[in-house]
Amino acid sequence: MLKSNPLQGMDVVGRGHEHPDGSELNLRFLFDYVRLHWRLMIATLLASLGIAGCYLALRPPQFIATARILIDDRQVQPFSQQAIVSELPLDATVVDSNVEVIRSEAVRLSVIEKLKLWADPEFAPLHPSLLSKLVRLNFNSSSSSSPVRTRDERILQALAALDSKLSVQRIARTYVLEISIRSSNDAKAALIANTFADAFIQDQLKWNFDATKQASDWLQTQLDELSKKVVEADRAVQNYIADHNLLDAGEGRTIAQQQLSDVNKQLVQAREQVAESKARLDRILSLDTDDIASPALLEAPGGPTIPVITKLREQYLYAVQQESELTARYGSEHSAVMDLRREIERLRMAAHEELERIRKAYRSDYELAKARQDTVEANLDRLLSIAASGKQAGVTLRMLESSAQSYRRSYDSLLQRFSDSTQQQSFPRPRARVITPARAGEQSQPKTEIVFAAALTFGLLSGVAIAYVKRQLDRSLTTARQVQKTLGTDCIGVVPHVTIKRKRRDIAVKRSDPISRTLSSEMSLERYAIYEPSSSFAEAIRRIKVAVDTDTVRGFSIGIVSTLESEGKSTVAANFAHLVGGQENRVLLIDANFRHPSLTQQLSSGSVEGLVQLLRRQRSIDDVLWSDPLIGVDFLPSGSLLPSVESVGLLSSAAMGQLLMELRARYKYVILDLPALKHAADSSAVSNFVDQFLLVIEWGQTSADLIEETLASSQAVHARLVGAVLNKADTTRV
């Protein structure tokens, strides 16, 4: 059963045990980061300091002078009249606007003209610079202008230069503005700053004077125009009243409105009379004139007040009563009864005629009242028509009167303002004053300490940033921690990159002999660990032995693999075999890379038979083995080059499994140099017969993504991976 690796948890490049809080890990990471990239950081820092030194040597000194002005809204007003030009309330917006006024082209041009800065070489050189000449030559090659600048060109240049050297800012939340000027001469800087303050104040005075004069001229023009409009508006009102008969009848009403009110009252009375006459007529028409005895005749309109109807009814009722009594006494044929009947009929006819006469009288009254109503309504319609036209005329009249009043009020207001402007005596005092004049100051630029501090900081940060970007873009593996984190397996050792510069003269050299199948003992990369046993290279190989010994029992096979060819797995396999073979251990090194048999070419260049012939049962193992009697290492060459399909078949055959089983019985270590995992399936084919695999990674070259992809496609190899080795490491960066 495999035991745990004693190197697990220990950084093979010097990493200590990690504390739970990770503090030592972070410090170690920073130390490793600086150790790996210190050359780049130092180079960036030196370049930054060199640039800073050149800047200080070439940059002329600059002096700064500062003047302070106060924006004050307190104005001395000797009169109580309102000012012609209203002042804006002093707030942050007004103060910031004054900052822009100071920086304006008008104020800068005033300073340039007053101090003749257009003739100062610092602000406007007489001759254009070399860069300007080159630009003019490239973009305006046909121009034949003089190389000497004209006055207008120098003024424009001075405007731009002065703008770059000018700084105007508000101090905190006060009303104080600070005007700063940079110049190569301290006295000149103070003079320009004070001139800027004076130019701003003069600009304020000029603006106030021009604004007041423009306001007075405008008022005079408006008064002349308004006086004409007032007269015209009053004349239009009077003419309209006369043309539309809108004379006033008192109490704010016209004559037409008064007539309409009177006719309206008459119409109300006429309608009352019509309603009353109609009611009497309807009532009398509803009575039955044949029934004189009916009590309704007493309720007829005017009934109780008509003596004729009342008397006829009384006589009729009396005659009816007499006729009834006489009929009962003498019979219906009696002459007295007959006379009473004729009297009753006469009374009925008389009452009927009287009611008809009353009906005609009521109808005549109704028709008369109705005619009077119609007459009043016709008169009312006529007056309404007149009133309607009068209302429209009144609307127009009110508009004319309103317009006239508006003109009058505007004229009175402007007249008062104009009168105030002629009396108002305003002092020529602007809203700003100088509170601190500029004086010759100290050097402001360049600050040697600040420049070097900035260069130092920038150099360090740039070095760290460039190293970080470079490291992020570099997906190769360089530390054991990266191997552990990326691949999930232990990094057994970091093998430094070595070269053979000279042969060892203190050891007897014996070249390989194909006849006796004896390995060469000359100095080579494959035997470097035994010739330099105290080197870091040999120490890294020993770490592999410790890991393998811990994880193995007697008779153990281990395959040495890599992602790509030329990562140095054959060198690692050969040195590992030679190192463990010198410790009374029987070791067999097998070159199982049929397509790139580099070990065969290096250790037994004259061999023609080997593993291929052994697996094909063409030779026995003793016929193809090569040996190193000094160290105790046997070597089994590949035999011959094979195509991919045939090599996979041989390595995955039962013969290969049987061979490895027999070899584990004869040797303690059976080390196989297998093909690269990326381009061959040989390693995966033999994985069922190999106890463990060791992955060799070229330091700083092989991409971690490629390794992960390769291991993912070779799950059998990954499952039996004892660890990884970083090979060809740069000792100056590890």
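Everything numeric here is computed off the predicted structure, so don't read it as measured data. (Residues numbered from 1 in each chain as written. Predicted model: local features only at pLDDT ≥ 70, side-chain atom pairs only at ≥ 80, totals over all residues. Heavy atoms only, no water.)

Asks: Whenever I open this one, the overall build of the protein confuses me. Can you help?
Replies: Broken down by element type, the protein carries 23 helices and 15 strands. Expressed as a percentage of its 734 residues, the buried residues of the protein come to 40%. Put simply, the protein shows about 40,300 Å² of open surface, and 55% of that area lies on carbon and sulfur atoms. (Helix = DSSP H or I, 4+ residues; strand = E, 2+ residues; numbered from the N terminus. Buried < 20%, exposed > 50% of the residue type's maximum accessible area, 1.4 Å probe, protein only. Areas by Shrake-Rupley, 256 points an atom, 1.4 Å probe, with all protein chains shown as cover.)

Asks: Can you walk me through the sheet that holds strand β9 (residues 556-562) in this structure?
Replies: What holds strands together in a sheet is hydrogen bonding between their backbones, with the strands either parallel or antiparallel. As summarised here, the arrangement of the eight strands in space is β8-β15-β14-β9-β13-β10-β12-β11, forming an open sheet in which the pairing is mixed. Each of the sheet's edge strands pairs with one partner strand only, and the pair in question is β8 (491-496) and β11 (626-628). Between one strand axis and the next, the sheet turns by 20° as a mean value, whatever way the strands run. Along the sheet face, helix α20 (residues 654-666) touches β9, β10 (587-591) and β13 (669-673) and points at about 140° away from the line of β13. (Pairing = 2+ DSSP bridges. Axes fitted to C-alpha atoms, helices over the stretch in contact; angles between N-to-C directions. Contact = heavy atoms within 4.5 Å.)

Asks: How do you make sense of the pattern of salt bridges when you look at a structure like this?
Replies: Taken as a whole, this structure holds 19 salt bridges when the rule is applied. Measuring nitrogen to oxygen at the nearest pair gives 2.9 Å for the salt bridge that ties glutamate 122 to lysine 188. With glutamate 122 in the loop between α3 (105-115) and α4 (130-139) and lysine 188 in helix α6 (residues 186-243), the pair connects residues that are 66 residues apart, well separated along the chain. In this structure, aspartate 691 and arginine 664 form a salt bridge, with 3.9 Å as the shortest nitrogen-oxygen distance. In this pair, aspartate 691 sits in the loop between α21 (682-685) and β14 (692-698) while arginine 664 sits in helix α20, placing the two residues 27 residues apart along the sequence. Residue aspartate 691 is classed as partly exposed on the basis of its relative accessible area, which comes to 28%. Salt bridges here are not isolated pairs; linked through shared partners, they connect Asp120, Glu122, Lys165 and Lys188. (Salt bridge = Lys/Arg side-chain N within 4 Å of Asp/Glu carboxyl O.)

Asks: Any chance you could explain the pairing of β9 here in plain terms?
Replies: Side chains on a regular strand alternate between the two faces of the sheet. The buried count for β9 comes to seven of seven residues, which makes it a mostly enclosed element. Residue alternation in β9 divides its side chains into two sets, Phe556, Ile558, Ile560 and Ser562 and Ser557, Gly559 and Val561, and both sets are buried. Bridging between β9 and β13 involves five bridges; their strand directions are parallel. Paired with serine 557 across the strands is valine 670, a residue of β13.

Asks: Sorry, what's going on with the nonpolar core here?
Replies: Of all hydrophobic cores here, the largest spans 47 residues; its most connected members are Ile590, Leu660, Leu663, Leu672 and Leu695. For this core, the element with the most residues is α20, which contributes five residues. Apart from residues lying up to four places away in sequence, isoleucine 590 is in contact with Leu611, Leu636, Leu660, Leu663, Val670, Ile671, Leu672 and Asp673. (Core = buried A, V, L, I, M, F, W, Y, C linked by side-chain atoms within 4.5 Å.)

Asks: Teacher, can you tell me more about the pairing of strand β2 (residues 166-170) here?
Replies: Inspection of the sheet shows β2 paired to strand β3 (residues 176-183) by five bridges, in the antiparallel sense. Residue pairing for β3: valine 168 is matched across the bridge by isoleucine 179. Linking β2 back to β3 in an antiparallel pair, the connection comprises five residues, with alanine 172 at a positive phi of about 50°.

Asks: Any chance you could explain α6 here in plain terms?
Replies: Three or four residues apart is the spacing at which side chains of an α-helix point the same way, because the helix has 3.6 residues per turn. Helix length check: α6 (58 residues) gives 84 Å between terminal C-alpha atoms against 86 Å at 1.5 Å per residue, within 8%. The N-terminus of α6 is capped by asparagine 185, whose side-chain oxygen sits 2.9 Å from the backbone nitrogen of alanine 187. (Expected span 1.5 Å × (residues − 1). Polar contact = N/O pair within 3.5 Å; in protein donor to acceptor, adjacent residues only side chain to side chain.)

Asks: How should I be thinking about the packing of aromatic side chains in this particular structure?
Replies: In this description, an aromatic ring pair is defined by two values, namely the gap between the centres and the angle between the planes. A complete count under the given rule lists two aromatic pairs for this structure. Between tyrosine 528 and phenylalanine 537 the ring centres are 5.1 Å apart and the planes differ by 80°, which places this aromatic pair in the edge-to-face class. For tyrosine 528, a relative accessible area of 12% corresponds to the buried category. Sitting above the plane of the tyrosine 366 ring, lysine 278 keeps its charged end 6.0 Å from the centroid. (Phe/Tyr/Trp six-rings, centres within 6.5 Å; stacked < 30°, edge-to-face > 60°. Lys NZ or Arg CZ within 6 Å of the ring centre and 35° of its normal.)

Asks: Explain a nonpolar patch on the surface here, please?
Replies: Together, Val34, Trp38, Ile42 and Leu46 make up a nonpolar patch on the protein surface, roughly 370 Å² of accessible area in all. Residue isoleucine 42 is classed as partly exposed on the basis of its relative accessible area, which comes to 41%. (Patch = residues over 30% accessible without salt bridge, like charges linked within 9 Å, V, L, I, M, F, W, Y side chains within 5 Å.)

Asks: Hey, could you run me through the side chain of lysine 569 in this one?
Replies: Mapped onto the fold, lysine 569 is located in helix α15 (residues 569-581). There is a polar contact of 3.0 Å between the side chain of lysine 569 and the side chain of aspartate 673. A distance of 2.6 Å separates a polar atom in the side chain of lysine 569 from the backbone oxygen of leucine 674. Not counting chain neighbours up to four residues away, the residues in contact with lysine 569 comprise Ile560, Val561, Ser562, Asn593, Asp673, Leu674, Pro675, Ala676 and Val696.

Asks: Can you walk me through the environment of leucine 117 in this structure?
Replies: By secondary structure assignment, the location of leucine 117 is in the loop between α3 and α4. Sequence separation of leucine 117 and leucine 159 is 42 residues, and the distance between their C-alpha atoms is 9.1 Å. Beyond its immediate chain neighbours, meaning those up to four positions away, leucine 117 contacts Val111, Ile112, Phe123, Ala124, Ala158, Leu162 and Ile192.

By themselves these figures say nothing about function.
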